[in-house]
Amino acid sequence: MINLTCVNRWASRVIIALSVILVVLVMMRSGLAEESNKPWQRHVIDDSSRGADGTRLADANGDGLLDIATGWEQGGVTRVYLHPGRDQVKQAWPAVTVGPAASVEDAVLVDLDGDGAMDVVSCCEGSRQVMLVHWAPTNRYLDPKSWKTEEIPGSEDKCRWMFSCPVDVDQDGRIDLVAGGKGTNSQLGWWKVPEDPRNLLAWEWHPLRQQLGWVMSIEAVDMDGDRDLDILFTDRKGSKSGCFWLEHPGAERVDQPWREHAVGLEGKEAMFLSLADVDRDGLQDVIVSIRPQTIVVCRRQGGAGRQWESDVIAIPESFGSAKDAAAADLDQDGQMEIVFTTERASNGKIGVGCVINPLSEKPGFKSISGVDGTKHDLVQLLDLDGDGDLDILTCEEVNNLGVIWYENPLQ
């Protein structure tokens, strides 16, 4: 005969145990568990100069590992860092100063002359407003004396240059440069690179958008599925601020006006953008940070890039003001998280954080950096140490933490 009292006691204990497990899982998922909210370990790639401003990635030496270009704004130099291999990645990386770059705001790796060596383009926005090409040597890559720096002649004093994006705009097989600036006379446009890329006098500027307040991001991406690369960008200031894309008109018509389409956020102070399929519907969404305390996920509706729906995420006041955001599955649970960087993270505020369940009604937040730095910049999510999870690469400009990465504690 079954003892119902024992059965009921056993069932009650099972229910209590399952409830406890569920509560713990919910806490961990929401970032409320104590262990999940501990700061990630920070590693320094370089802190030898002042004002690290951005981290742009490319494989500079063909070893299959991504290397970094960074402009040091207050230090007035541009540097390249070669990934040292996964067993040495937690140490300072091999580096080279590729040239002087006064008030450099952005630096990007690109092989402009096709000689197999990754050159660097710097955008300068201070008292010296110019774009620079740092020509790389084909050997002795880490020897600063082997590099040669030249100005793009037509760029001098055109505007305060903020960002550039390498892309073959006219589809002639040579990499061109889409670039933009801020302030008086700033434009978004592209430099047509001639047959001899080192003949900088022959570079031609083609404006795409005449009215530009302060460009933050420029990405070359096929927004409408027609197999050519359109230009996706954010404008931070002015009467036409927000997130937009310019439709590539075809190789034969690149000198004609490009049709502009709004992703959204018109009139907002749109900072950096990134691309990811946040809602896992098979379509790339656009993630934009909005000052002061907002991240917006612009979810694509259909493949033409004409219709978007926005999910607005308010960043708690315990963090700094929004700067950049990128999405990935950091904890390998099949769900996307959003990592974000901030500026003005002073007086005990957190500089780098993570959004859990970003598209839910009540997303959770956790600290990545703790109280660590004041002004972080671009965020890159990649497996730097080869342990199978995604780490966080960024830089910090005010406290001179430099070029840094935070190690994912998952593995």
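Residue numbers here run from 1 along each chain, matching the order of that chain's written sequence. Totals for whole chains, interfaces and linings use every residue, but because this is a predicted model, local features are given only for residues with pLDDT of at least 70 and side-chain atom pairs only at 80 or more, for both listing and counting. Side-chain descriptors were evaluated using all non-hydrogen atoms of the structure, hydrogens and water having been removed beforehand.

Student: Explanation requested: the overall build of the protein in the structure shown.
Tutor: Helix and strand content of the protein: 1 helix and 28 strands. Relative to the 2.2 N^0.38 estimate, which gives 22 Å for 411 residues, the radius of gyration of the protein is 23 Å and therefore close to what a compact globule would have. Summarising its shape, the C-alpha atoms of the protein cover approximately 95 × 45 × 40 Å along the three principal directions. Split into buried and exposed, the 411 residues of the protein put 56% on the buried side. Contacts: residue pairs with any heavy atoms within 4.5 Å of one another. Across the protein, every contact between residues at least 6 apart in sequence was considered, and the portion connecting residues at least 24 apart equals 47%. Carbon together with sulfur atoms contributes 49% to the accessible area of the protein, which is approximately 17,800 Å² in total. Secondary structure elements are defined from DSSP: runs of H or I of at least 4 residues count as helices, runs of E of at least 2 residues count as strands, and each element is numbered from the N terminus. Each radius of gyration is computed over the set of C-alpha atoms, and the globule rule expresses the reference value as 2.2 Å times the number of residues to the power 0.38. Burial status follows relative accessibility: with a 1.4 Å probe on protein chains alone, a residue under 20% of its type maximum counts as buried, one over 50% as exposed, and anything between as partly exposed. Only the protein chains shown count as covering a residue, and every accessible area follows the Shrake-Rupley method with a 1.4 Å probe.

Student: How should the environment of Gly-370 be read in this particular structure?
Tutor: Examined against the element boundaries, Gly-370 turns out to sit in the loop between β25 (364–367) and β26 (380–382). For the pair Gly-370 and Leu-273, spaced 97 residues apart in sequence, the C-alpha to C-alpha distance is 23 Å. Sequence-distant contacts of Gly-370, defined by excluding residues within four places in its chain, comprise Pro-39, Lys-349, Ile-350 and Gly-351.

Student: Is there a simple way to explain the sheet that holds strand β16 (residues 242–247) in this structure?
Tutor: By way of backbone hydrogen bonds, the strands of a sheet pair with one another, either parallel or antiparallel. At least two bridges found by DSSP between two strands is the condition for calling them paired. Spatial strand order, β14-β15-β16-β17: 4 strands in an open sheet with antiparallel pairing. The open sheet has two edge strands, β14 (215–221) and β17 (259–264), and neither has a second partner. Averaged over all adjacent pairs, the angle separating strand axes in this sheet is 25°, with direction ignored. Strand direction decides the pairing type here: β14 and strand β15 (residues 230–235), joined by 6 bridges, are antiparallel. Opposite Ala-220, over in β15, you have Ile-231 as the bridge partner. To get an axis, fit a line to the C-alpha atoms, keeping to the stretch in contact for a helix; angles then go from 0 to 180 degrees between the N-to-C directions.

Student: Would you explain the side chain of Thr-55 in this entry?
Tutor: Position of Thr-55 relative to the elements: it lies in strand β2 (residues 52–58). Setting aside anything within four residues of it in sequence, one finds Thr-55 in contact with Ile-68, Ala-69, Thr-70, Leu-378, Gln-380, Leu-393, Thr-394, Cys-395 and Val-403.

Student: Just to check I follow, could you spell out the pattern of salt bridges for this structure?
Tutor: Side chains carrying opposite charge are able to pair once their charged atoms draw close together. The rule for a salt bridge is simple: a side-chain nitrogen of Lys or Arg has to be within 4 Å of a carboxyl oxygen of Asp or Glu. Enumeration over the complete set of coordinates arrives at 28 salt bridges. Two residues, Glu-317 and Lys-349, come together in a salt bridge whose shortest N-O distance is 4.0 Å. One end of the pair, Glu-317, is in the loop between β21 (308–314) and β22 (321–328); the other, Lys-349, is in the loop between β23 (337–343) and β24 (352–356), and 32 residues separate them in sequence. Take Glu-317: its relative accessible area is 54%, and that puts it in the exposed class.

Student: Would you mind going over the sheet that holds strand β4 (residues 77–81) with me for this structure?
Tutor: With respect to topology, 4 strands assemble into an open sheet ordered β2-β3-β4-β5, the strand pairing being antiparallel. The sheet terminates laterally at β2 and β5 (95–100), the two strands that pair on one side only. Going across the sheet, the axis of each strand differs from the next one's by a mean of 20°, ignoring polarity. Pairing geometry for β2 and strand β3 (residues 67–72), over 5 bridges, is antiparallel.

Student: Got a minute to help me understand the state of the cysteines in this structure?
Tutor: Working definition: the covalent bond between the sulfur atoms of two cysteines is a disulfide. Whenever a pair of cysteine sulfur atoms sits within 2.5 Å, that pair is classed as a disulfide. Tallied over the entire structure, the rule returns 0 disulfides. The closest cysteine sulfur to the non-disulfide-bonded Cys-159 is located on Cys-123, 8.5 Å from its own sulfur. Lacking any disulfide linkage, Cys-165 is separated from the closest cysteine sulfur, that of Cys-123, by 11 Å.

Student: Sorry if this is basic, but what is going on with the packing of aromatic side chains here?
Tutor: Aromatic ring pairs are defined here through the distance separating the ring centres and the angle between the ring planes. What counts as a ring pair is set by centres within 6.5 Å for rings of Phe, Tyr and Trp (its six-membered ring), and what kind of pair is set by the plane angle: stacked under 30 degrees, edge-to-face over 60, tilted for all other angles. Per the counting criterion, the structure on display carries 8 aromatic pairs. Relative to Trp-191, the ring of Trp-161 has its centre 6.3 Å away and its plane inclined at 45°; by these criteria the two rings are tilted. Of this pair, Trp-161 sits in strand β10 (residues 160–167) while Trp-191 sits in strand β12 (residues 188–192), and the two are 30 residues apart along the sequence. Of the two residues, Trp-161 and Trp-191, both sit in the buried class. Their ring planes at 65° and their centres at 5.0 Å tell us that Phe-319 and Phe-340 sit as a pair that is edge-to-face. Placement of the pair is Phe-319 in the loop between β21 and β22 and Phe-340 in strand β23, with a sequence separation of 21 residues.

Student: Got a minute to help me understand the nonpolar core in this structure?
Tutor: We call a set of buried residues a nonpolar core when its members are Ala, Val, Leu, Ile, Met, Phe, Trp, Tyr or Cys and they connect through side-chain atoms within 4.5 Å of each other. With 23 residues, the main nonpolar core has Val-178, Leu-188, Ile-218 and Phe-233 as its most contacted residues. Those elements giving two or more residues to this core turn out to be β10, β12, β14, β15, β16 and β18 (270–276). With 4 residues, β10 is the single largest residue contributor to this core. In this structure Ile-218 touches Phe-163, Cys-165, Val-178, Ala-179, Gly-180, Leu-188, Ile-231, Leu-232 and Phe-233, once residues within four positions along its chain are discounted.

Student: Can you help me understand the environment of Cys-298 in this one?
Tutor: Mapped onto the elements of the fold, Cys-298 is located in strand β20 (residues 294–300). Distance from Cys-298 to Leu-275, taken between C-alpha atoms, is 9.7 Å for residues 23 residues apart in sequence. Residues within four places of Cys-298 in sequence aside, it is in contact with Val-263, Leu-265, Asp-285, Val-286, Trp-308, Glu-309 and Ser-310.

Student: What is the right way to look at the side chain of Thr-342 in this model?
Tutor: The residue Thr-342 is located in strand β23 in this model. What qualifies as a polar contact is a pair of N or O atoms within 3.5 Å, subject to a donor-acceptor requirement within protein and to the restriction that residues adjacent in sequence count only when both atoms come from side chains. Engagement of the side chain of Thr-342 in a polar contact is seen with the backbone oxygen of Gly-351, the distance being 2.9 Å. Ignoring any residue separated from it by four or fewer positions in sequence, one finds Thr-342 in contact with Phe-319, Gly-320, Ser-321, Lys-323, Ile-350, Gly-351, Thr-374, Lys-375 and His-376.

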